[in-house]
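Per-entry structural report
The primary structure of each chain is shown beneath.
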Amino acid sequence: GQRMTPQARIWLNDALTLDPKHITALMLLASDHFLNAQYQQAIDIWQSLLDSNNPKVNRVKLIEAINMARMMK
């Protein structure tokens, strides 16, 4: 029953406007897509985070999330 409020979405969009590679904002957006059965959108975001090779990204968890989303599609 988790939902992103309109205000939260505005803040998320603001953060991504300032920094399109903002890890936390992207993770929240991907999680929201996943929770709303928008699996391909979640996969796309998670894959972009993997491709970034950012050391702050937990690659194992992202791969697990991508695999889960692929199973749900």
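Residues numbered from 1 in each chain as written. Predicted model: local features only at pLDDT ≥ 70, side-chain atom pairs only at ≥ 80, totals over all residues. Heavy atoms only, no water.

Overview of the environment of Q38
Turning to its location among the elements, Q38 is positioned in the loop between α2 (23-35) and α3 (39-51). For the pair formed by Q38 and A69, sequence separation is 31 residues and the distance between their alpha carbons is 8.9 Å. (Helix = DSSP H or I, 4+ residues; strand = E, 2+ residues; numbered from the N terminus.)

Quick notes on the pattern of salt bridges
All chains considered together, the criterion is met by two salt bridges. Residue K61 is joined to E64 by a salt bridge in which the shortest nitrogen-to-oxygen separation is 3.9 Å. Of the two residues, K61 and E64 both sit in helix α4 (residues 59-72), three residues apart, roughly one turn of that helix. Looking at E64, the relative accessible area reads 44%, which means it is partly exposed. (Salt bridge = Lys/Arg side-chain N within 4 Å of Asp/Glu carboxyl O. Buried < 20%, exposed > 50% of the residue type's maximum accessible area, 1.4 Å probe, protein only.)

Comments concerning the environment of M4
Here M4 is to be found in the segment before α1 (6-18). M4 sits in the partly exposed class, given a relative accessible area of 22%. Note: C-alpha distance between M4 and L29 (25 residues apart in sequence) is 9.2 Å. Setting aside residues up to four positions removed in sequence, M4 forms contacts with R9, L12, L28 and D32. (Contact = heavy atoms within 4.5 Å.)

Here's the deal with the confidence of the model for the protein
Per-residue confidence for the protein gives a mean pLDDT of 95; residues scoring 70 or more make up 99%. When mean pLDDT is taken per element in the protein, α3 scores highest with 98 and α1 scores lowest with 95. (pLDDT = per-residue confidence, 0-100.)

Considerations on unusual backbone geometry
Trans peptide bonds make up the majority, and among non-glycine residues the majority have a negative phi. For A37, which is not glycine, the phi torsion reads 60 degrees and is therefore positive. Checked against the element boundaries, A37 lands in the loop between α2 and α3. The backbone of N53 shows a phi angle near 55 degrees, a positive value even though the residue is not glycine. The topology assignment puts N53 in the loop between α3 and α4.

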